[in-house]
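The primary structure of each chain is shown beneath.
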Amino acid sequence: MSQADPVPVPAPEALNASDSNGTEALNATAKFVATPEGTALAYGSLVFMALLPIFFGALRSVTCSKSKNAADMPETITSRDAARFPIIASCTLFGLYLFFKMFSQEYINLLLSVYFFALGVLALSHTMSPFMCRLFPESLPNKQYQLLFTQGAGEAREEIVNYEFDTKNLVCLLISSVVGVWYLFKKHWIANNLFGLAFALNGVELLHLNNVSTGCILLGGLFVYDVFWVFGTNVMVTVAKSFEAPIKLVFPQDLLEKGLGASNFAMLGLGDIVIPGIFIALLLRFDVSLKKNSRTYFYASFLAYIFGLGLTIFVMHTFKHAQPALLYLVPACVGFPVIVALILIKGELAEMFRYEETSPEDAKKEESSESESEKKDQ
């Protein structure tokens, strides 16, 4: 997977159920009793923040799928990857649990902070890049740079790293570094959210499912995995209380009372955004492939996500118990588009499941083979 697909778990202040792939329920702290206004503001803000990376990440994934720049090419998830992912996530979760049991929590979180500082700076810089291109004054020179590492010499020379960037990218990197230092030293929730939004948007943009069947395998496997680890053991809760990293979105429920210094958070793991988000982005690219100038399946799945997340919050708030969000998000995000294809637009269900995306490597091979065959014909 890529750097934009981290392992979200909640901060230690919250008694939330969470999993190593990012599925975590929303909850408040044990001692603090939030006001109805504070709770509504916190949950409403979390839902709004969750929608931003899905919407814009899906739009950017369409452009990303057509990109020929190696740095912007997506990583394609196959059915084999999707089937193995719940097992890998389970091993990661249990490994983290053992780590926190055997080693000092302070030192582990220090290493994690440095690690996610580096990833966060890169992710935020990549997220800001399109906006910087629009805001960057035309009067300022935009110089081009290239970072190239090679191995060997002569005809045997092989490229290891070939990264092209310009002045605009350097400005993005500088701004992102300031946010990174702020997070590293203060752990402020706004800095955490900036990194979290960047991770989520990059994940939706750069992680591509190759077809709808793969998406169903991935979401179905994580549905079972999520329910098991949330309700079956205390592993998630233990990891959730120990793990500190910008891999969740948080919003204080006591913001109205304490302002920006508030410390009692409701939170949502990035996996609850990225996992459904890459499926929603796939449906947008399917809409584009139909060439009907409509986004029926994208909007259906997007509304389904809103419904599923709202249902998660409602059930959790009603029963006062942490809930695995994918328990509600997966049936909604898969079910709504299928119903649309079966009832509203008859005949497109089979076409939706036949839709296939090729990886950038396979696309290059196809292009090269086509060019070779054309040369032979000539």
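Cut-offs used in this document
The numbering scheme is per chain: residues are counted from 1 as the chain's sequence reads. Local features in this predicted model are restricted to residues whose pLDDT is 70 or higher, and side-chain atom pairs enter the listing and the counts only when it is 80 or higher, whereas totals over whole chains, interfaces and linings include all residues. Side-chain measures were taken over the full set of non-hydrogen atoms in the model, leaving aside hydrogen atoms and water. Per the convention used, a helix needs a DSSP run of H or I reaching at least four residues, while a strand needs a run of E reaching at least two, with both numbered from the N terminus. The classification of residues rests on relative accessible area computed with a 1.4 Å probe and restricted to protein chains. Under 20% of the type maximum is buried, over 50% is exposed, and intermediate values are partly exposed. The contact criterion used is simple: two residues touch if any of their non-hydrogen atoms lie within 4.5 Å. Here, Shrake-Rupley sampling with a 1.4 Å probe gives the accessible areas, and only protein chains in the shown set may cover a residue. Only buried Ala, Val, Leu, Ile, Met, Phe, Trp, Tyr and Cys residues count toward a nonpolar core, and they belong to the same one when joined by side-chain atoms within 4.5 Å. A pair of strands is considered paired only if DSSP assigns at least 2 bridges between the two. Residues adjacent in sequence count toward polar contacts only when both atoms are side-chain atoms; beyond that, a polar contact is any pair of N or O atoms within 3.5 Å, and within protein one must be able to donate a hydrogen and the other to accept it. We define a salt bridge as a side-chain nitrogen of Lys or Arg found within 4 Å of a carboxyl oxygen belonging to Asp or Glu. Note on geometry: axes are lines fitted to C-alpha atoms, helical ones only across the stretch in contact, with angles between N-to-C directions running from 0 to 180 degrees. Roughly parallel covers angles under 35 degrees, roughly antiparallel covers those over 145, roughly perpendicular covers 65 to 115, and oblique covers all other angles. Lys, Arg, Asp and Glu make up the charged group, whereas Ala, Val, Leu, Ile, Met, Phe, Trp, Tyr, Cys and Pro make up the nonpolar group; the residues left over, Gly among them, are polar. For every residue, the predictor states its confidence as a pLDDT score lying anywhere from 0 to 100. Each patch is assembled from residues with relative accessible area greater than 30% and no salt bridge, linking like charges that lie within 9 Å and nonpolar side chains (Val, Leu, Ile, Met, Phe, Trp, Tyr) that lie within 5 Å. Rotating anticlockwise by less than a right angle from the far helix to the near helix defines a left-handed crossing, while the corresponding clockwise rotation defines a right-handed one. Expected helix span is taken as 1.5 Å per residue step, with the number of steps being one fewer than the number of residues. One axis is fitted to the seven residues ending at the residue and one to the seven starting there. The bend at that residue is the angle between these axes.

**Re the overall build of the protein chain**
Thought 1: Scanning the protein chain for helices and strands turns up 13 helices and six strands.
Thought 2: For the protein chain, buried positions account for 50% of its 378 residues.
Thought 3: A separation of at least 24 residues holds for 75% of the contacts in the protein chain among residues at least 6 apart in sequence.
Thought 4: Entry remark: accessible area of the protein chain is about 18800 Å², with carbon and sulfur atoms responsible for 63%.

**Regarding the nonpolar core**
Note that soluble globular proteins tend to have their nonpolar side chains buried in a common cluster.
Thought 1: Counting residues in each nonpolar core, the largest one holds 92 residues, and the members touching the most others are Phe116, Leu218, Phe243, Ile273, Tyr297 and Tyr305.
Thought 2: Here the element with the most residues in this core is helix H9 (residues 271–290); it accounts for 12 residues.
Thought 3: Filtering out sequence-adjacent residues up to four positions away, tyrosine 305 remains in contact with Ala50, Leu51, Ile54, Leu268, Asp272, Ile273, Pro276, Ile280, Leu329 and Cys333.

**Some points on the pairing of strand E5 (residues 248–252)**
Thought 1: Burial analysis of E5 places five of its five residues in the buried class, which makes it a mostly covered element.
Thought 2: The two faces of E5 match: Lys248, Val250 and Pro252 on one face and Leu249 and Phe251 on the other face are all buried.
Thought 3: Pairing of E5 with strand E6 (residues 265–269), which is carried by five bridges, proceeds in the antiparallel orientation. Bridged to phenylalanine 251 within E6 is alanine 266.

**Focus on the side chain of glutamate 348**
Thought 1: Locating glutamate 348 in the fold gives a position in the loop between helix H11 (326–344) and helix H12 (349–354).
Thought 2: There is a polar contact of 2.6 Å between the side chain of glutamate 348 and the side chain of tyrosine 297.
Thought 3: When residues no more than four places from it in sequence are discounted, the contact partners of glutamate 348 are Phe286, Leu290, Lys292, Tyr297 and Ala341.

**Examining the environment of asparagine 169**
Thought 1: Here asparagine 169 is to be found in helix H4 (residues 167–186).
Thought 2: The spatial distance from the C-alpha of asparagine 169 to the C-alpha of serine 129 is 6.3 Å, given a sequence separation of 40 residues.
Thought 3: Residue contacts for asparagine 169: discarding those within four places in its chain leaves Ser125 and Ser129.

**As for the environment of valine 230**
Thought 1: Considering the arrangement of structural elements, one finds valine 230 in helix H6 (residues 212–231).
Thought 2: Here valine 230 falls in the buried class, since its relative accessible area comes to 9%.
Thought 3: Each C-alpha atom of the pair valine 230 and alanine 322 lies 8.3 Å from the other, and the pair is 92 residues apart in sequence.

**With respect to the pattern of salt bridges**
Thought 1: Tallied over the entire structure, the rule returns five salt bridges.
Thought 2: The salt bridge partner of aspartate 254 is lysine 258, with a shortest N-O separation of 3.7 Å.

**A word on the packing of H9 against H11**
Thought 1: Between H9 and H11, the least distance of the axes is 10 Å, while the angle of their chain directions is 5 degrees. In terms of their interaxial angle, H9 and H11 are classed as roughly parallel. Residues Asp272, Pro276, Phe279, Ile280 and Leu283 of H9 lie in contact with H11, whose contacting residues are Leu326, Leu329, Cys333, Val334 and Pro337.
Thought 2: Along the lines of polarity and charge, the residues of the contact of H9 with H11 split into nine nonpolar, no polar and one charged.

**Some details on the confidence of the model for the protein chain**
For residues with low pLDDT, the predicted coordinates do not support detailed interpretation.
Thought 1: Mean pLDDT over the protein chain works out to 82, with 84% of the residues at or above the 70 mark.
Thought 2: Taken element by element, the protein chain is modelled with least confidence in helix H13 (residues 360–377), mean pLDDT 54, and with most confidence in helix H5 (residues 189–206), mean pLDDT 95.

**So, a nonpolar patch on the surface**
Thought 1: Together, Phe94, Leu98, Phe99, Met102 and Phe103 give the surface a local cluster of nonpolar side chains, amounting to about 520 Å² of exposed area.
Thought 2: Residue position: phenylalanine 103 is located in the loop between helix H2 (79–102) and helix H3 (105–135).
Thought 3: Looking at phenylalanine 103, the relative accessible area reads 47%, which means it is partly exposed.

**Comments concerning the pairing of strand E3 (residues 158–166)**
Looking down a regular strand, the side chains alternate between one sheet face and the other.
Thought 1: The pairing of strand E2 (residues 144–151) with E3 spans eight bridges and is classified as antiparallel. When the sheet's bridge partners are listed, leucine 148 is paired in E3 with asparagine 162.
Thought 2: Following E2, the chain reverses through six residues before pairing antiparallel with E3; glycine 152 in that reversal takes a positive phi of roughly 90 degrees.

**Points about the packing of H6 against H9**
Thought 1: Axis separation between H6 and H9 bottoms out at 10 Å; the angle between their running directions is 165 degrees. In terms of their interaxial angle, H6 and H9 are classed as roughly antiparallel. Helix-helix and strand crossings are classified by hand; for H6 and H9 the assignment is left-handed. Along the contact surface, H6 presents Val212, Gly215, Cys216, Leu218, Leu219 and Leu222, while H9 presents Ile275, Ile278, Phe279, Leu282 and Leu283.

**Thoughts on H2**
Thought 1: A rise of 1.5 Å per residue sets the reference length of H2, with its 24 residues, at 34 Å; its end C-alpha atoms lie 35 Å apart and thus fit the reference within 8%.
Thought 2: Of all the bends in H2, the greatest, near 35 degrees, is centred on phenylalanine 85, and the proline proline 86 appears no more than four residues after it.
Thought 3: Along H2, the positions that sit buried rather than exposed are Ala82, Phe85, Pro86, Ala89, Ser90, Leu93, Leu96, Tyr97 and Phe100.

**Looking at unusual backbone geometry**
Thought 1: One non-glycine residue, lysine 187, adopts positive backbone phi at about 55 degrees.
Thought 2: Locating lysine 187 in the fold gives a position in the loop between H4 and H5.
Thought 3: Given a relative accessible area of 34%, lysine 187 falls into the partly exposed group.
Thought 4: Notably, asparagine 293 is not glycine yet its phi reads approximately 60 degrees, a positive angle.
Thought 5: By secondary structure assignment, the location of asparagine 293 is in the loop between H9 and helix H10 (296–319).
Thought 6: Asparagine 293 gets classed as exposed once you look at its relative accessible area, which sits at 79%.

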